[in-house]
Amino acid sequence: MLEKLADRILQALNGANLLIALLTFAIAAAFWYIIGAKTKRDRRKLFIQISVALACLLFGAFVIYIRYAVSVRSVTFPEGSIGILVLGITGDNNSHDLQHALVASLNNQLANESETNRIIVHALENSEPDEANQGLSLAHYHARRLGEEFHARLVLWGVQAGANRFYPRLTVVKTPSVVLPKEHTLAVQNISELSLPTELVRKPVCLTHIILGNLSCQRHEYLEALREFEQAAQYTTPASYETRVLRYFIGKCHLELADGQLDEQQHLSTAIESLNFAAKEFKDSNERTNWAKTQIDLSTAYINFRSGTRAENLRLAVSALEAALEVFSRDGDTETWGIVQCNLSAAYLNMTGIDTTNALTASRLIQTALQACTEKSFPQVWATLQHNLGVAYILAPTTSPDDNCKKAIDCECLALKVFTEHEFPSPWASVKANLGVALTHKESPNRIQNLRQAVSEFECALRCHPRDKFPTYWADIQHNLGNAYARLASALRQPEYLKEAITAYQKALEVFTQKDFPEEWAMVQQSLKETNH
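As the structure is a prediction and not an experimental result, all values here were calculated from the model. (Residues numbered from 1 in each chain as written. Predicted model: local features only at pLDDT ≥ 70, side-chain atom pairs only at ≥ 80, totals over all residues. Heavy atoms only, no water.)

Draft legend 1. Broad picture of the overall build of the protein chain. The helix and strand inventory of the protein chain stands at 21 helices and six strands. When each of the 533 residues of the protein chain is scored for burial, the buried share is 48%. Long-range pairs, those at least 24 residues apart, make up 61% of the contacts in the protein chain between residues at least 6 apart in sequence. With an accessible surface of roughly 27,600 Å², the protein chain has 54% of that area assigned to carbon and sulfur atoms. (Helix = DSSP H or I, 4+ residues; strand = E, 2+ residues; numbered from the N terminus. Buried < 20%, exposed > 50% of the residue type's maximum accessible area, 1.4 Å probe, protein only. Contact = heavy atoms within 4.5 Å. Areas by Shrake-Rupley, 256 points an atom, 1.4 Å probe, with all protein chains shown as cover.)

Quick look at the structure:
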């Protein structure tokens, strides 16, 4: 125990701290000598000697503490920045030349970029992890703790062996995504007169942009995230792990950017291309979990993709989800398995235009999934399944449509227990819109009351799906709102409701043009034609 304590003290007393300690000891010895020379064997004088010596030691400790506090303040990264912390390099010289060269090279690389003021590089001297004695895992742990202490996102350290060989290590302080490893070991680098290899500088900058991109994703700022991922891609090599990770992230961003947008199909096309590339690379590298997660995202893209044959796209979606089920089982990763069931049911629901019995298949899948994914265990998955089940009841062939509408309403009301307007505005709006559709078609017990409630539900949905943010969702809700008003006009024979219906249809046609959305345009035109007659 005492050996370890002494070892830690000796490790701390190096560099400037050692000079302070030696200077303090010299002052203490001087006072001891002066006082001792004037007083012989006097206890009182001896007490003074000890007191003065201790005071000098305390003063030295105080100076070291102040120096450390100032050093911490100068190294700690400010809030909102992305910090790269360069620790001491084991085997570096007393002037820390290699460490300083790393910092300078990183700063030079970042200076060539635009809008990189959030990325800051700091050095922390006398802080090298002891890989030789601790082992690689504990050394990474030590590096991560230092990164957390100084609010860094990435820690760079390593071991220099001889004059020209350097073994670099990279520690991600907080992994932003399951597909990005926490620890990286680069191939041994040959350094000559501190001329640093390209990989040694490019890899930390690449990882930093990936972290920035993930932080933007967490804030749902997907356009900003896409810029960061594309910037990171400039620092990768074709066969690197980062390349396939970035292609996955880029595909994911395009998938999110497609949601309810006018240029949805362009984003989906790019998403499919990037995700297919990532899936192939993950499969070739035997990264089954990442490969399976990519299949789930691919299915979402194919479900909404209109280019080519609709039936073929939906077949590809189902195929991707069945592949994902090879990895995610009900008993293994229940939540992800439930997400697969959500997408699988959505694919079959989109096939109802081909065969209405696909809605029954979707319903069976959902009922099975709800046995494992409960409201308590996985609330968001459960709520999505309830919403999809509500859609299935509306679309399924039945001899009792009114009963199915009631079941659909019950399912959507259950989904609203989780999807609140404040926490999940977009899913909430989708549920409210489908609730409006179910109420529009429900005849009993009071048809007029149902239609008025449907109008209210659609108006709620428009609040969270405005035209400027989700133009295609907005237009679809306007079409359904027009249908509700048209039925009210027919039931009450009041022309003002007819005017409202026509206005809603015309708004929908502002987005659903014949050129860009021929199918939707045709459906709204048909509704408008029926209203005018």
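Draft legend 2. A look at the packing of helix H12 (residues 310-324) against helix H13 (residues 334-350). Their axes nearest at 10 Å, the elements H12 and H13 cross at an angle of 160 degrees. As judged from the angle between their axes, H12 and H13 are roughly antiparallel. Once H12 is placed against H13, the crossing between them reads as left-handed. On H13, the residues that touch Arg310, Leu314, Ala317, Val318, Leu321 and Ala324 of H12 are Val340, Asn343, Leu344, Ala347, Tyr348 and Asn350. Broken down by class, the residue content of the contact of H12 with H13 amounts to nine nonpolar, two polar and one charged. (Axes fitted to C-alpha atoms, helices over the stretch in contact; angles between N-to-C directions. Parallel < 35°, antiparallel > 145°, perpendicular 65-115°, else oblique. Left-handed = near helix turned anticlockwise from the far one by under 90°. Nonpolar A, V, L, I, M, F, W, Y, C, P; charged D, E, K, R; others polar.)

Draft legend 3. Seen up close, the pattern of salt bridges. As enumerated under the stated definition, the model contains 15 salt bridges in all. Lys406 is the salt-bridge partner of Asp410, the closest N and O atoms lying 3.3 Å from each other. With a gap of four residues between them, Asp410 and Lys406 both fall in helix H16 (residues 401-415), about one helical turn apart. Note on Asp410: relative accessible area 38%, which makes it partly exposed. (Salt bridge = Lys/Arg side-chain N within 4 Å of Asp/Glu carboxyl O.)

Draft legend 4. The arrangement of the packing of helix H7 (residues 198-218) against helix H8 (residues 222-233) in detail. Following both chains from N to C, one finds H7 and H8 inclined at 170 degrees, their axes separated by 8 Å at the closest point. As judged from the angle between their axes, H7 and H8 are roughly antiparallel. Contacts between H7 and H8 involve Cys206, His209, Ile210, Leu212, Gly213, Asn214, Ser216 and Cys217 on the former and, on the latter, Tyr222, Glu224, Ala225, Glu228, Phe229, Gln231 and Ala232.

Draft legend 5. Representation of H13. Relative to the 24 Å expected for 17 residues at 1.5 Å per residue, H13 spans 24 Å between its end C-alpha atoms, a close match to the ideal helical length. The buried fraction of H13 amounts to 14 of the 17 residues, a majority that puts the element mostly inside the structure. (Expected span 1.5 Å × (residues − 1).)

Draft legend 6. Fine view of the packing of aromatic side chains. The tally for this structure, following the rule as stated, stands at six aromatic pairs. Connected via pairs of aromatic rings, a cluster forms that spans Phe229, Tyr248 and Phe249. Its guanidinium or amino end placed over the ring of Phe277, Arg247 lies 4.2 Å from that ring's centre, counting from NZ or CZ. (Phe/Tyr/Trp six-rings, centres within 6.5 Å; stacked < 30°, edge-to-face > 60°. Lys NZ or Arg CZ within 6 Å of the ring centre and 35° of its normal.)

Draft legend 7. Main features of the nonpolar core. Core analysis: the biggest nonpolar cluster contains 75 residues, and Val86, Leu102, Leu106, Val121, Ile210 and Phe229 have the highest contact counts within it. For this core, the element with the most residues is H7, which contributes 10 residues. The next biggest cluster of nonpolar side chains, apart from the first, holds 58 residues, and it includes Ile366, Cys373, Ala461 and Tyr497. (Core = buried A, V, L, I, M, F, W, Y, C linked by side-chain atoms within 4.5 Å.)

Draft legend 8. Representation of the confidence of the model for the protein chain within the structure. When pLDDT is averaged across the protein chain, the result is 85; 82% of the residues are at 70 or more. Low pLDDT, under 50, characterises residues 1-11; the stretch is placed with zero contacts to residues that sit more than four places away or in other chains. (pLDDT = per-residue confidence, 0-100.)

Draft legend 9. Main features of unusual backbone geometry. In this structure, the amide linkage connecting Ser444 to the following residue, Pro445, adopts the cis form with an omega of 0 degrees. Positionally, Pro445 belongs in the loop between helix H17 (425-441) and helix H18 (447-464). At His151, a position not held by glycine, the phi torsion is positive, near 60 degrees. Its location among the elements puts His151 in the loop between helix H6 (136-149) and strand E3 (154-161). Positive phi is not limited to glycine here, since Asn286 has a value of about 60 degrees. When you line up the elements, Asn286 lands in the loop between helix H10 (264-284) and helix H11 (288-304). According to the relative accessible area criterion, Asn286 is exposed, its value standing at 61%.

Draft legend 10. H16, seen in detail. Relative to the 21 Å expected for 15 residues at 1.5 Å per residue, H16 spans 21 Å between its end C-alpha atoms, a close match to the ideal helical length. Among the residues making up H16, those that are buried are Asp402, Asn404, Cys405, Ala408, Ile409, Cys411, Glu412 and Ala415. Buried residues belonging to H16 abut helix H15 (379-395) and H17.

Draft legend 11. The arrangement of the environment of Arg452 in detail. In this fold, Arg452 is placed in helix H18. Given the relative accessible area of 44%, Arg452 is considered partly exposed. Along the primary structure Arg452 and Ala484 are separated by 32 residues, whereas in three dimensions their C-alpha atoms are 7.9 Å apart. Look past the residues within four positions of Arg452 in its chain and what remains in contact with it is Leu488, Leu492 and Tyr497.

Draft legend 12. Quick look at the side chain of Gln386. Turning to its location among the elements, Gln386 is positioned in helix H15. Here Gln386 is in contact with Leu370, Cys411, Leu414 and Ala415, once residues within four sequence places are set aside.

Draft legend 13. Local environment of the environment of Leu325. Structurally, the position occupied by Leu325 is in the loop between H12 and H13. Among the residues examined, Leu325 registers a relative accessible area of 28% and is labelled partly exposed. A sequence separation of 12 residues divides Leu325 from Trp337, and the C-alpha atoms of the two residues are 7.0 Å apart. Ignoring any residue separated from it by four or fewer positions in sequence, one finds Leu325 in contact with Trp337, Val340, Gln341 and Leu344.

Draft legend 14. Structural view of the side chain of Asn480. Checked against the element boundaries, Asn480 lands in helix H19 (residues 471-492). Dropping the residues within four chain positions of it, Asn480 is found in contact with Val437 and Phe458.

Draft legend 15. Just the environment of Leu435, in detail. One can find Leu435 in helix H17. On the basis of relative accessibility, which here comes to 5%, the residue Leu435 falls in the buried class. Taking the C-alpha atoms as reference, Leu435 lies 9.2 Å from Cys405; in sequence the two are 30 residues apart. Those residues in contact with Leu435 that sit more than four places away from it in its chain are Ile409, Glu412, Cys413, Leu416 and Glu457.

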